[in-house]
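Residue strings, one per chain:
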Amino acid sequence: LSLGISPFIMQSTESLVMITLNSGLQRYGNDLYVGAMTIISSIMQFMSMPLMGLGQGAQPIISYNYGARKKQRITDAVRVATVMALAIMAAGTLVFELGAGPLLGLFNASPAMHAMGEPAFRIIALSFLPAAVGIVMSSVFQALGEGLISLVMSATRQLVFLLPLAFLLAKFSGLAAVWASIPLAEVVGFALALLFYRHIYNHKIAHIETVQF
């Protein structure tokens, strides 16, 4: 239960963040911003599905080998999952940077939506690589029995940093600057993921003695 409640709360938090962002965009902007956010979030969820599957597939490998005291297999699984996640999101970055127009066209976007949405796509694409590391590390922490750390990382990134930054940027720099809050928040999540992983590695993995079976 302690491990399962963490992803449940994280998913709920992500939904709350999207509801709050859409409400803010509706209040301070117009339907174009809400429409763009809806399109972008839909495509981002589609792109994040392989990462979720990758993390869930890595969890039993990491946790079983942690129980078996096989340090090399733990670190290999973490490294392979991270590299694969980065490769997937690097491809997604290219798609968003180079194909923003066609992606919006899939949703019959108006010329005004294209004019506003294409720069938003390119700014948000900068969040993909740090997000890849954060998503994988969240699964790694859960596999090592550290669901609370995974929860803290997600809550800090979204509730403590993303939402306040988004509203500050909207207030002082205009709604167009809100898009920048997403990559900035993911950079914070990336930094937290590395710090937490280093802490967990030093306390749980580094001192494991190799056991032969």
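Keep in mind it's a predicted model, so treat the numbers as computed, not measured.

Caption draft 1: The overall build of the protein chain, seen in detail. Each helix and strand in the protein chain was counted, giving 8 helices and 0 strands. Reading the helices (α) and strands (β) of the protein chain from amino to carboxyl end gives α-α-α-α-α-α-α-α. For a compact globule of 213 residues, the expected C-alpha radius of gyration is about 17 Å, and the protein chain comes in at 19 Å, within 12% of that figure. Dimensions of the protein chain, computed from C-alpha atoms along their principal axes, come out at roughly 65 × 30 × 25 Å. When the 213 residues of the protein chain are sorted by exposure, 45% land in the buried category. Relative to all contacts within the protein chain whose residues are 6 or more apart in sequence, the contacts with residues 24 or more apart total 77%.

Caption draft 2: Quick look at the packing of aromatic side chains. Inspection of the entire model under this criterion finds 4 aromatic pairs. Among the aromatic residues, those joined into a ring-pair cluster are F96, F121 and F128. The positively charged end of R69 is found above the aromatic ring belonging to Y66, 5.7 Å away from the centroid.

Caption draft 3: Region of the structure containing the pattern of salt bridges. Throughout the structure, instances matching the rule amount to 4 salt bridges. Note that D76 and R79 form a salt bridge whose closest N and O atoms lie 3.0 Å from each other. With D76 and R79 both in helix α3 (residues 71–98) and 3 residues apart, the pair spans about one turn of that helix. When the shortest N-O distance is used, the salt bridge between R157 and E186 registers 3.0 Å. On the criterion of sequence distance, the pair formed by R157 in helix α7 (residues 147–173) and E186 in helix α8 (residues 178–205) is long-range, its members being 29 residues apart. Here R157 matches E186 in class, with each residue buried.

Caption draft 4: Representation of a nonpolar patch on the surface. A cluster of nonpolar side chains, namely L16, L159, V160, F161 and L184, defines an oily patch on the protein surface of about 420 Å² accessible area. Of all the elements, α7 adds the most residues to the nonpolar patch, at 3 residues. Inspection of the secondary structure puts V160 in helix α7. A relative accessible area of 58% places V160 in the exposed class.

Caption draft 5: Representation of the packing of α3 against helix α6 (residues 128–143) in the model. Running from N to C, α3 and α6 point in directions that differ by 150 degrees, and their axes come no closer than 8 Å. When the axis of α3 is compared with that of α6, the two are roughly antiparallel. Here the hand of the crossing between α3 and α6 comes out right-handed. For the pair α3 and α6, contact is made by V78, A81, T82, A85, L86, M89, A90, G92, T93 and F96 and by F128, L129, A132, V133, V136, M137 and V140, respectively. Of the residues that constitute the contact of α3 with α6, the class distribution is 14 nonpolar, 3 polar and no charged.

Caption draft 6: Broad picture of the packing of helix α2 (residues 31–67) against α6. Running from amino to carboxyl end, α2 crosses α6 at an angle of 35 degrees, the nearest separation of the two axes being 8 Å. Like other packed secondary-structure pairs, α2 and α6 cross with a definite hand, here right-handed. In this structure, α2 contributes M44, M47, L51, M52, G55, Q56, Q59, I62 and S63 to the contact, and α6 contributes F128, A132, I135, S139, V140, Q142 and A143. Here the contact of α2 with α6 is composed, by residue class, of 10 nonpolar, 6 polar and no charged.

Caption draft 7: Representation of the nonpolar core. Counting 58 residues, the largest nonpolar core has I62, F96, F121, M137, V140 and W179 as the members making the most contacts within it. Every element with two or more residues in this core is listed here: α1 (5–28), α2, α3, α4 (100–105), α5 (111–124), α6, α7 and α8. Among the elements that take part in this core, α2 stands out by supplying 12 residues, more than any other. If we skip the residues at most four places from it in the chain, I62 touches I74, A77, V78, V140, A143 and L144.

Caption draft 8: Representation of the confidence of the model for the protein chain. Per-residue confidence for the protein chain gives a mean pLDDT of 85, with 95% of residues at or over 70. Confidence, expressed as mean pLDDT per element, reaches its minimum in the protein chain at α1 with 74 and its maximum at α3 with 94.

Thresholds, definitions, all that
- Residues numbered from 1 in each chain as written.
- Predicted model: local features only at pLDDT ≥ 70, side-chain atom pairs only at ≥ 80, totals over all residues.
- Heavy atoms only, no water.
- Helix = DSSP H or I, 4+ residues; strand = E, 2+ residues; numbered from the N terminus.
- Rg over C-alpha atoms; globule rule 2.2 N^0.38 Å.
- Buried < 20%, exposed > 50% of the residue type's maximum accessible area, 1.4 Å probe, protein only.
- Contact = heavy atoms within 4.5 Å.
- Phe/Tyr/Trp six-rings, centres within 6.5 Å; stacked < 30°, edge-to-face > 60°.
- Lys NZ or Arg CZ within 6 Å of the ring centre and 35° of its normal.
- Salt bridge = Lys/Arg side-chain N within 4 Å of Asp/Glu carboxyl O.
- Patch = residues over 30% accessible without salt bridge, like charges linked within 9 Å, V, L, I, M, F, W, Y side chains within 5 Å.
- Areas by Shrake-Rupley, 256 points an atom, 1.4 Å probe, with all protein chains shown as cover.
- Axes fitted to C-alpha atoms, helices over the stretch in contact; angles between N-to-C directions.
- Parallel < 35°, antiparallel > 145°, perpendicular 65-115°, else oblique.
- Left-handed = near helix turned anticlockwise from the far one by under 90°.
- Nonpolar A, V, L, I, M, F, W, Y, C, P; charged D, E, K, R; others polar.
- Core = buried A, V, L, I, M, F, W, Y, C linked by side-chain atoms within 4.5 Å.
- pLDDT = per-residue confidence, 0-100.

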